[in-house]
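Working through the structure, step by step
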Amino acid sequence: MIAQLITNGLLAGAAYSLIAIGYTMIYGVGKLINFAHGELYMGGAYCFYLFYIVLGWDIYSSCLVAMGTGALLGIVLEKVVYRPFKKSSRLVPLITTIGASIFLKAMAMLFFGVQTKSLLKGASFQQSFSVLGITFTPVQGLTVVICLGLMLILGLILKKTKIGKAIRATAEDRTSASYVGIDTDRITSITFAIGGFLAAIAGILVGYDQNISPTMGVLAGFKGFTAAVLGGIGNIPGAVVGGFCIGLAENIGAGYISSAYKDSISFIILLFILIVKPQGIFGEK
Amino acid sequence: MKRVSWNKWILSAIIVLIACTILIGYGCSESNDKLVNLGFIGPLTGPAASYGVSQMRGVELAVEEINDAGGIEGGKIKVTFEDSQMDPNKAISALKKLIDINKVLAVIGETTTTGTLAIANIANRGKTVLLSPLASGAKITDAGDYVFRVSPSDAFQAIVAAKFIFQRDFRNGAIVYTNDDWGAGLQKAFEKNFVGFGGRILAMEGCTPGTQDFRTQLVKIKNLNPDFIYIPLHPDESATFLRQVKELKVPGQILGADNFSEKAILRTARSAADGVIFTMPTKPTGEEFRNFSKKFKVRFNEDGSYNSAAAYDCVYILAEAIKSSGLSGENIKNTLYNIRDYKGASGVIGFDKNGDVTTKKFTVIKIKNGEYVPIKKQ
């Protein structure tokens, strides 16, 4: 049983990591906790639903469009709820992202209804694999592969490319970065786009695996946030490690303690870190 | 100048109008001492508005019928409708208003289990009967002397499910439930009865409302290999649960509750819902229901539902009780406890010592190719 629990934990953790990276990058560059991040995840899933199920496109183009929409949604979010308020107190953009989150959820409910929807075409469930007594679905396997792949690519972009260096410079010190000629507004926009892109991918993968609903982003967003704080907010490898830690902790905890506490476990972890090590595992003081 | 004088005219006209309304209002209430005041609390707006509005219509129809026939011993019934918006806090202020300002004798409501539990104590303290048309949570049984309902408690539903599955020679079960008033109530009642019959419950796994990942629960259950899994889960959770049962290849019969009466589960889960067995209150089919449905159609141009029939019955039951016991909350309560077999539109209604209806039945249904097939009627 433990092998299956660890597998489930890793699979859930992969999705949390993707969400956590967005949180952590946006925090790094904009010094903002984006409370609408869970809705980018939900938006990606619903966009995929719109093209794949409602309009009947094929799976690859639907995926591409949904991922693109996720990035676009990130940019719009930055333009509407972050940029106009970046000079005001830090509390203001925090509140506006909460407003955006409520708005996006309400929109999804209005257009798609409150009921849970399945992203499967034809079949009502996926054929799963069994390896060494561990059962998992193809999408779950894909989630882990995609998650690790994207992290590698993202790492390379941040280390090697000009834009990556500019993002890191802006995160380090916004004012100095603008002195050396970096367009920090554009960089912030790009960061939001990357965050939205990753969240949309997570939303599509998890939505395909577990059905979608307008409120799916709430819990996923909180867990991604917890993962980012656990790893040390602003730190990308930290977000990845944090995501897998949360996934494993809640699955193994639910397996051996009680599944009624499954969601509480990640919040207990969040409380514990905030008290004991507020800067997170990899965070600097 | 001309304009101003017009405004003055309109203003004074409005004042006169308001004064008249107040005077007429007072005049009426003073001239008719025998007005029978009742209240209604339900969600008339918000996410559960469809429940509340069809109940309100059931109440309106019953009140019109009774008043047209001369009212209760010459006094007309007047119902004050309050909107709870499915918010327990709003229900509380609504009931306080009904008791303190409208001086009602009895209240029809609340629609939901949580709402009814929230206002039960106020009703008990105010010695005002609370009669819910739809609330089914097991906890309401112990909510106090003044709380009644005309829909059967989930506890009875759990007994029917436990008995059925035990008689089919299933002995080892597991339960996955939503951790709220409704789900935990069914879980406790089912466990108690199934174990009472001689069965074993190997695992009881709760989840927060809205959960969409049941893999951990299912891994634990698959390890224990039970014959069946009882799932008092909300419709959205049920649909995902059924899918993950298939994906993790968990064997065993799935046994559900009245959550499956919501057909949205079938639209999402599709073939994964095939073979599920569940319990649901038996649909009223008697002559009383057909009569009610006809009158409802004429009045509102819409088919009468179980829900509106239950609210319609509430008014008639209260009218009966007031007729025989007069205008006192305490007497109405005592009379209600003596009702044993009132033949209502929503079925036969009789109360036990807890104010629960014991005379309504459940049907066991199996899902076959997306259709409901009744396999056992009580």
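Because the structure is a prediction, the values reported are computed rather than measured. (Residues numbered from 1 in each chain as written. Chains lettered and ligands numbered in written order. Predicted model: local features only at pLDDT ≥ 70, side-chain atom pairs only at ≥ 80, totals over all residues. Heavy atoms only, no water.)

**Things to note about the pattern of salt bridges**
For the coordinates displayed, the defined rule picks out 18 salt bridges over all chains. In this structure, B:Lys90 and B:Asp87 form a salt bridge, with 3.7 Å as the shortest nitrogen-oxygen distance. A salt bridge links B:Arg171 to B:Asp169; the nearest nitrogen and oxygen atoms lie 3.5 Å apart. The class of B:Asp169 is exposed, set by a relative accessible area of 59%. Residues joined in a network through salt bridges with shared partners are A:Asp209, B:Arg215, B:Arg243 and B:Glu247. (Salt bridge = Lys/Arg side-chain N within 4 Å of Asp/Glu carboxyl O. Buried < 20%, exposed > 50% of the residue type's maximum accessible area, 1.4 Å probe, protein only.)

**Here we look at the environment of A:Met67**
Residues and elements named next belong to chain A. By the element assignment, methionine 67 lies in helix H3 (residues 59-82). Judged by relative accessible area, which is 17%, methionine 67 ranks as buried. It is 10.0 Å that separates the C-alpha atoms of methionine 67 and isoleucine 194, two residues lying 127 residues apart in sequence. Among all residues touching methionine 67, those that are not within four sequence positions of it are Phe197, Ala200, Ile201 and Ile204. (Helix = DSSP H or I, 4+ residues; strand = E, 2+ residues; numbered from the N terminus. Contact = heavy atoms within 4.5 Å.)

**Here's the deal with the pairing of strand S10 (residues 277-281) of chain B**
All names here are of chain B. A large share of S10 lies buried, amounting to four of its five residues. Two strands pair when backbone bridges link them, and strand S9 (residues 253-256) and S10 are joined in this way by two bridges, in the parallel orientation. Looking at S10, one finds that glycine 256 is bridged to phenylalanine 278. Bridging between S10 and strand S13 (residues 362-368) involves five bridges; their strand directions are antiparallel. When the sheet's bridge partners are listed, phenylalanine 278 is paired in S13 with isoleucine 365. (Pairing = 2+ DSSP bridges.)

**What to know about a positive patch on the surface**
Residue and element names in this part refer to chain A. Together, Lys159, Lys160, Lys165 and Arg168 make up a region of like positive charge exposed at the surface. Structurally, the position occupied by lysine 159 is in helix H5 (residues 138-160). Looking at lysine 159, the relative accessible area reads 55%, which means it is exposed. (Patch = residues over 30% accessible without salt bridge, like charges linked within 9 Å, V, L, I, M, F, W, Y side chains within 5 Å. Areas by Shrake-Rupley, 256 points an atom, 1.4 Å probe, with all protein chains shown as cover. Lys, Arg positive; Asp, Glu negative; His and termini not counted. Charge placed at Lys NZ, Arg CZ, Asp CG, Glu CD.)

**Looking at the side chain of A:Ser118**
Residue placement: A:Ser118 occurs in the loop between helix H4 (91-112) and strand S1 (129-131). On the basis of relative accessible area, A:Ser118 is assigned to the buried category, the value being 10%. Within the local environment of A:Ser118, its side chain forms a polar contact with the backbone nitrogen of A:Leu120, the two atoms lying 3.2 Å apart. Of the polar contacts made by the side chain of A:Ser118, one reaches the side chain of B:Arg270; its length is 3.4 Å. Excluding anything up to four places from it in sequence, A:Ser118 contacts A:Tyr49, A:Ile53, A:Asn211, B:Arg243, B:Thr268 and B:Arg270. (Polar contact = N/O pair within 3.5 Å; in protein donor to acceptor, adjacent residues only side chain to side chain.)

**Quick word on the interface of chain B and chain A**
Chain B puts 31 residues into the contact, and the matching count from chain A is 33 residues. Of the roughly 2,700 Å² buried between chain B and chain A, counting both surfaces, carbon and sulfur atoms make up 42%. Connecting chain B to chain A are two salt bridges. A:Lys262 is the partner of B:Asp213 in a salt bridge, and the nearest nitrogen-oxygen pair spans 3.7 Å. At the boundary of chain B and chain A, one finds 18 residue pairs in polar contact (both at pLDDT 80 or more). Sorting the residues of the side of chain B that touches chain A by element identifies strand S7 (200-207), helix H7 (215-224), helix H8 (235-247) and helix H9 (264-269) of chain B as the ones contributing at least two each. (Buried area = accessible area lost by both parts, 1.4 Å probe.)

**Details of the packing of helix H2 (residues 49-68) of chain B against helix H10 (residues 287-300) of chain B**
Residues and elements named next belong to chain B. Following both chains from N to C, one finds H2 and H10 inclined at 100°, their axes separated by 11 Å at the closest point. For the element pair H2 / H10, the angle class is roughly perpendicular. Across the interface between the two elements, Ser54, Arg57, Gly58, Glu60, Leu61, Glu64 and Glu65 from H2 touch Phe292, Lys295, Phe296, Arg299 and Phe300 from H10. When grouped by side-chain class, the residues that make up the contact of H2 with H10 number four nonpolar, two polar and six charged. (Axes fitted to C-alpha atoms, helices over the stretch in contact; angles between N-to-C directions. Parallel < 35°, antiparallel > 145°, perpendicular 65-115°, else oblique. Nonpolar A, V, L, I, M, F, W, Y, C, P; charged D, E, K, R; others polar.)

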